[in-house]
Amino acid sequence: MPSFHGNLSRRTLATIVPLSFIGAGIVWKVWHLRRSSERTKMALDGLVSTGRKARRHPTYWFPDGTLIVRIRSDAEEDTSFRIHSSLIYRKSRLIQRILPESPHGAEPTTISIPPELGLQIADFTAVLEHLYHDSPLSPGASFPHVAAILRASGGDTLDMPDVHSLARSYVVSMFPSGPVPFAHPSHLEEALALATAHRIPSIRKGIFYSIVTTSDFEPEEPESPVPDLSGSPASSNADDDSSKISAPLSQRHILPLADVERCRNLMTAIVEHYTPILFTPPATPHMACTDVFADKWMPLVIHPALASDGVYKPLESLESIKGIDWGAQGLCPACAREKREEWAQEQADIWEKMDKWLDLDAESDWTE
Ligand SMILES: [Zn+2]
């Protein structure tokens, strides 16, 4: 028995020793491999971030993605997107500047978008929704989606010229221009900011017109302090304090003050220009036709215009004057045709004068 034991022990030992060498070798190799890949990854991470935490984007994190893009979400955390480099590398000059060649190989390459570019997570997500065809740019795309892509793809952010010009063309088509009346989607202030930042002069005029005719563009006034009639220094100090406390709330202007000023000027100029036209029945070469206007102008034109704010909506007001069946009111066909042409010309004149009223000439060096 002891010899059997001894034999077994020797044989076992003889087997175990080389196996353990092999095992240790494998363990070492795996450990070494992992360490070196960790080192590579850490080196890259170190290159692109400073030990900040990053959370994975819930949608755009693909296990087989070759490019990890980190964007600063807030003061403490980044958001990471793991995407397919082939989809975005060719299109984004920013990513080409960060990485001289498109990532390839098993390990994904991590880059960090410099926070000073101001690229927003939501805007980058919108670009990915477009690139992955989850929500591509199309005539049915919503304004916020197109606006996000326009912002993210600009030359000072991801710098994606093709995507940017496509987004731009959709924004332009969403904001048609005069002189015929037009309707714009909401988000006028955001659209104006986009048109200014991305130099789309062709839509700015129309957006100004929409803001003036459909919205209250005046910034909210700070609540006026209760007039102090007592004149006592103590109570006037109290008023000062309360107005200081309420000041931050009143500073929430949506439009830049320069644009508010433009809106005021446009409103004033429109009313000054259009009031005499609206309130004066037109003359015609025929006495009978002039009488028709004299009789019908008040009930058919002035009253409806006053009811629908037509005084400062000249394009719409003139369009409805053109739409009246003047023949049925007794106007001769020649006068009806001639007046309709005059009102259309008036729309075109107003549209042209708006450049001056808005002082947009200074920006005529803008290119489309
Ligand atoms: Zn006539």
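Presented here is a report on the structure given in the accompanying data block.

Turning our attention to the overall build of the protein chain. From N to C terminus, the protein chain includes 14 helices and four strands. Going through the 368 residues of the protein chain one by one, you find that 25% of them count as buried. At a minimum sequence separation of 6, the contacts of the protein chain that also span at least 24 residues come to 62%.

Turning our eyes to something else, we now look at the sheet that holds strand β4 (residues 109–112). Paired through their backbone hydrogen bonds, the strands of a sheet run either parallel or antiparallel. Ordered in space as β1-β3-β2-β4, the four strands form an open sheet in which the pairing is mixed. The open sheet terminates on both sides in strands that have one partner only, identified here as β1 (53–61) and β4. Sheet twist, expressed as the average angle between the axes of neighbouring strands with direction ignored, equals 30°. As defined by bridge partners, strand β2 (residues 67–72) adjoins strand β3 (residues 77–83) across six bridges and the pair is classed as antiparallel. In the strand pairing of β3, L67 is matched with I83. Packing against the sheet, helix α4 (residues 121–131) makes contact with β1, β2 and β3, and its axis sits at approximately 5° to β3.

Let us now look at the packing of helix α8 (residues 201–214) against helix α10 (residues 257–279). Between α8 and α10, whose axes approach to 10 Å, the crossing angle comes to 75°. Here α8 lies roughly perpendicular to α10, going by the angle between them. Counting all contacts with α8, which are made through F208, I211 and V212, the residues of α10 involved are R262, C263, L266 and M267. When the residues that make up the contact of α8 with α10 are grouped by side-chain class, the tally is six nonpolar, no polar and one charged.

The next subject is the pairing of β2. Along a regular strand, successive side chains alternate from one face of the sheet to the other. Summarising burial for β2: five of the six residues are buried, a large majority. Here β2 folds back onto β3 in antiparallel fashion, the turn holding four residues. Relative to β4, β2 is paired through four bridges, and the arrangement is parallel. In the strand pairing of β4, R70 is matched with S112.

Taking 1.5 Å of rise per residue, the 21 residues of helix α11 (residues 287–307) would be expected to cover 30 Å, and the 29 Å separating its terminal C-alpha atoms lies within 8% of that figure. W297 marks the point of greatest bend in α11, at about 60°, and the proline P299 comes within the next four residues. Buried residues in α11 make contact with α10, α12 (314–323), α13 (326–329) and α14 (333–357).

Let's shift gears to the nonpolar core. V69, V127, I149, A152, V171 and I207 are the most contacted members of the largest nonpolar core, which totals 54 residues. If sequence neighbours within four positions are ignored, I149 has contacts with A126, V127, H130, L137, V163 and A167. Counting residues in each nonpolar core, the second largest holds seven residues, with C289, F293, C335 and A336 among its members.

Moving on, we come to the environment of I270. With respect to the secondary-structure elements, I270 resides in helix α10. For I270, a count of 22 C-beta atoms within 10 Å translates into the label buried. Sequence-wise, I270 and K313 are 43 residues apart; in three dimensions their C-alpha atoms are separated by 8.0 Å. Contact partners of I270, with chain neighbours within four places excluded, come to Y312 and P314.

Here we come to α10. With 23 residues, α10 should cover 33 Å at 1.5 Å per step; its first-to-last C-alpha distance of 33 Å lies within 8% of that length. Of all the bends in α10, the greatest reaches close to 30° and is centred on H273; the proline P276 follows between one and four positions later. Of the positions making up α10, those classed as buried are D259, R262, L266, I270 and Y274. Residues of α10 that are buried sit in contact with α7 (188–197), α8, α12 and α14.

Reading the values: rules and limits
Residues numbered from 1 in each chain as written. Predicted model: local features only at pLDDT ≥ 70, side-chain atom pairs only at ≥ 80, totals over all residues. Helix = DSSP H or I, 4+ residues; strand = E, 2+ residues; numbered from the N terminus. Buried ≥ 20, exposed ≤ 12 C-beta atoms within 10 Å, placed from the backbone. Contact = placed C-beta atoms within 7 Å. Pairing = 2+ DSSP bridges. Axes fitted to C-alpha atoms, helices over the stretch in contact; angles between N-to-C directions. Parallel < 35°, antiparallel > 145°, perpendicular 65-115°, else oblique. Nonpolar A, V, L, I, M, F, W, Y, C, P; charged D, E, K, R; others polar. Expected span 1.5 Å × (residues − 1). Bend = angle between axes of the 7 residues up to and from the residue. Core = buried A, V, L, I, M, F, W, Y, C linked by C-beta atoms within 7 Å.

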